[in-house]
Amino acid sequence: MTPSRQIRLARRPNGMVRPDDFAVVPVETPDAADGQVQLQALLVSVDPYMRPRLDADQPLDAPMLGGGIARVVQSRHPDFREGDLARHGAGMQERFVSDGRGLLKLAPDPDLPLSVYMHALGGTGITAYGGLLETGALKDGEQVFVSTAAGAVGSVAAQIAKIKGCWVAGSTGSDDKAAWLRDEAGLDAVINYRKQPLASALREAMPKGIDVYFENVGGETLDAVLPRMNLRGRIAVCGMISTYNGDRIGVKNLSSMIYSRVRMEGFVATDFPHLQARFQSDMTGWLKSGKIRYQETILDGFDRAPEALVGLFEGRNAGKMLVRAAA
């Protein structure tokens, strides 16, 4: 047995999540039996999709659902050796045992940091890639708007659109994030929604209207975008973070979809297995060439995962939020 810890949901949140909604619980992890491996968490992913799951899908007093990268520290499995790295969906556990199902061996590019496999080359990257290119059916040179454009998914989606020769505008909630989007990510226009009325700012930022809207927010942002959508525009719905803490702001402009023949479609990362090979090749090249830039917020220490969860929903992160559990 090996001492370990788990991050558990201690109670259902009421509105915004709080640190005491979670607990760091000491446990004992058994040694690997025949056909099993024991793994040590290296990086723990913290993502917006976790918030709505706290209201129903996430069991109480059980490890938080989620994924990460871990190292094999014991192996009695023919397909794994000690020292192998693997992506997993085993949740927020410092050490855990697996029979190999749900593990994906990882051979990281030596010229890239391991952390990029948790965002640009991981789930957030394929979400942006598939959501924009397949669900959004992006065409070169179109007019693209991305909400939460400085986030882990939004920033990748916006930069892919720039690579495809599009006019790209994005919204964010701070001057620092807006400056990064302009100066590093290369967006054509950036709206700080905390300082600018969104409807008028959109008219200025998108004078030719919007062909593709990469939706991460919902609520008032969606309401402001809908009248700006061009004929046969597409709205790729990745998330609606404005609703995740219980707020339900009505959308009044849905009728504008009718005469503009706008298509709005939701998607999730697992919709795109057929794109994985192309995505890995494209994204590796873009990262190495500097065409895709990224930000990370990494908190050191497994026990800081509750802090990371709260920080994500308070907007304290720049780019992808991660917890480094071990070196």
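These remarks concern the structure in this document. (Residues numbered from 1 in each chain as written. Predicted model: local features only at pLDDT ≥ 70, side-chain atom pairs only at ≥ 80, totals over all residues. Heavy atoms only, no water.)

Here's the deal with the state of the cysteines
Two cysteines, two sulfur atoms, one covalent bond between them: this is a disulfide. For the coordinates displayed, the defined rule picks out zero disulfides. Left without a disulfide partner, Cys166 is nearest to the cysteine sulfur of Cys238, which lies 18 Å away. Residue Cys166 is classed as buried on the basis of its relative accessible area of 3%. (Disulfide = S-S within 2.5 Å. Buried < 20%, exposed > 50% of the residue type's maximum accessible area, 1.4 Å probe, protein only.)

Some details on the side chain of Ser260
Checked against the element boundaries, Ser260 lands in helix 7 (residues 256-260). Of the residues examined, Ser260 reaches a relative accessible area of 19% and is grouped as buried. Not counting residues up to four positions away in its chain, the partners in contact with Ser260 are Met229, Asn230, Leu231, Arg232 and Gly233. (Helix = DSSP H or I, 4+ residues; strand = E, 2+ residues; numbered from the N terminus. Contact = heavy atoms within 4.5 Å.)

Concerning the pattern of salt bridges
By the definition in use, this model includes 20 salt bridges. With a closest N to O distance of 2.9 Å, Glu307 and Arg304 form a salt bridge. What makes Glu307 partly exposed here is its relative accessible area of 36%. Taking the relative accessible area as the measure of exposure, Arg304 reaches 28% and is therefore partly exposed. In this structure, a network of salt bridges that share partners links the residues Arg11, Arg18, Asp20 and Asp21. (Salt bridge = Lys/Arg side-chain N within 4 Å of Asp/Glu carboxyl O.)

Examining the packing of helix 2 (residues 123-135) against helix 8 (residues 276-289)
Packed helices, taken two at a time, are described by the angle between their axes plus the distance between the axes. Viewed as axis vectors pointing N to C, helix 2 and helix 8 meet at an angle of 110 degrees, and their least axial separation amounts to 11 Å. Classified by the angle their axes make, helix 2 and helix 8 are roughly perpendicular. Listed contacts from helix 8 to Gly125, Ile126, Tyr129 and Leu133 of helix 2 are Gln276, Arg278, Phe279, Asp282 and Trp286. (Axes fitted to C-alpha atoms, helices over the stretch in contact; angles between N-to-C directions. Parallel < 35°, antiparallel > 145°, perpendicular 65-115°, else oblique.)

Concerning helix 2
The buried fraction of helix 2 is high, at 11 of 13 residues. By the burial criterion, the buried members of helix 2 are Thr124, Gly125, Ile126, Thr127, Ala128, Tyr129, Gly130, Gly131, Leu132, Leu133 and Thr135.

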